[in-house]
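Summary of structural features
Each chain, letter by letter, is given below.
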Amino acid sequence: MKHGLLSITLFFFTAVLHAQSWKQLNDSLLYYYKNGNYTAALGIADRGVIQAKKEFGPENKIYATSLNNLAQLYMTMGN
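Residues numbered from 1 in each chain as written. Predicted model: local features only at pLDDT ≥ 70, side-chain atom pairs only at ≥ 80, totals over all residues. Heavy atoms only, no water.

1. Some words on helix α3 (residues 38–56)
To keep it simple, the criterion reads: Secondary structure elements follow DSSP: runs of H or I no shorter than four residues count as helices, runs of E no shorter than two count as strands, and numbering proceeds from the N terminus. Expected span, for any helix, means 1.5 Å times one less than how many residues it has. Throughout this description, buried means an accessible area under 20% of the type-specific maximum (1.4 Å probe, protein chains only), exposed means over 50%, and partly exposed covers the range between.
Between its first and last C-alpha atoms α3 spans 25 Å; for 19 residues at 1.5 Å apiece the expected length is 27 Å, and the two agree. Among the residues making up α3, those that are buried are A40, A41, L42, I44, A45, G48, V49, Q51 and A52. Directly after α3, the chain includes G57, whose backbone phi takes a positive value near 90°.

2. Examining the nonpolar core
Note that soluble globular proteins tend to have their nonpolar side chains buried in a common cluster. Convention followed: Throughout, nonpolar core names a set of buried Ala, Val, Leu, Ile, Met, Phe, Trp, Tyr and Cys residues whose side chains join them through atoms within 4.5 Å. What makes two residues a contact is simply this: any of their non-hydrogen atoms within 4.5 Å.
Counting residues in hydrophobic clusters, the biggest one holds 14 residues, and the most contacted among them are L29, Y32, A41, I44, A45, L70 and L73. For this core, the elements supplying multiple residues, two or more each, are α2 (22–34), α3 and α4 (61–76). Sequence-distant contacts of A41, defined by excluding residues within four places in its chain, comprise L29, Y32, Y33 and L73.

3. Some words on α4
Convention followed: Definition of a polar contact: a pair of N or O atoms within 3.5 Å, with one able to donate and the other able to accept a hydrogen when the atoms are protein atoms, and with sequence-neighbouring residues admitted only if both atoms are side-chain atoms.
With 16 residues, α4 ought to run about 22 Å at 1.5 Å a step, and its terminal C-alpha atoms sit 22 Å apart, in line with that. Taking the backbone nitrogen of I62 as reference, a side-chain oxygen 2.7 Å away marks N60 as the first, capping residue of α4. At the C-terminal side of α4, G78 shows a positive phi close to 85°.

4. Some points on the packing of α2 against α4
Geometry of a packed helix pair, given as the angle between the helix axes and the separation of the axes. For clarity, the threshold we go by: Think of each axis as a best-fit line through the C-alpha atoms, taken over the contacting stretch in the case of a helix, with angles from 0 to 180 degrees between the N-to-C directions. By definition in this entry, angles of less than 35 degrees are roughly parallel, angles greater than 145 are roughly antiparallel, angles of 65 to 115 are roughly perpendicular, and the rest are oblique. Crossings are classed by handedness, with left-handed meaning an anticlockwise turn of the near helix from the far one by less than a right angle and right-handed meaning a clockwise turn. Each residue receives one of three labels: charged for Asp, Glu, Lys and Arg, nonpolar for Ala, Val, Leu, Ile, Met, Phe, Trp, Tyr, Cys and Pro, and polar for the others, Gly being one of them.
Contact geometry for α2 and α4: axes closest at 12 Å, N-to-C directions at 20°. Taken as axis vectors, α2 and α4 run roughly parallel relative to one another. Handedness of the α2/α4 crossing: left-handed. Along its contact with α2, which presents W22, N26, L29 and Y33, the element α4 presents I62, S66, N69, Q72, L73 and T76. Considered class by class, the residues forming the contact of α2 with α4 number five nonpolar, five polar and no charged.

Scope: geometric values only; no functional claims are made or implied.
Structure below.
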């Protein structure tokens, strides 16, 4: 039973990590944040910043939003 759950969890995290768009990453980030899983949200937020810069450029407000999301997550975690 534990191995099956681990496989499902790993599959889900692999799918999240390979999300192509900023929107998909942001949706995943919000899900984990709202459910209090800040560790998972942190990794996704980092990827969201990178993806936003690629998709929209460093002057875009979505990139700024991604940086703000990451900062807010660190503040929530006490960092």
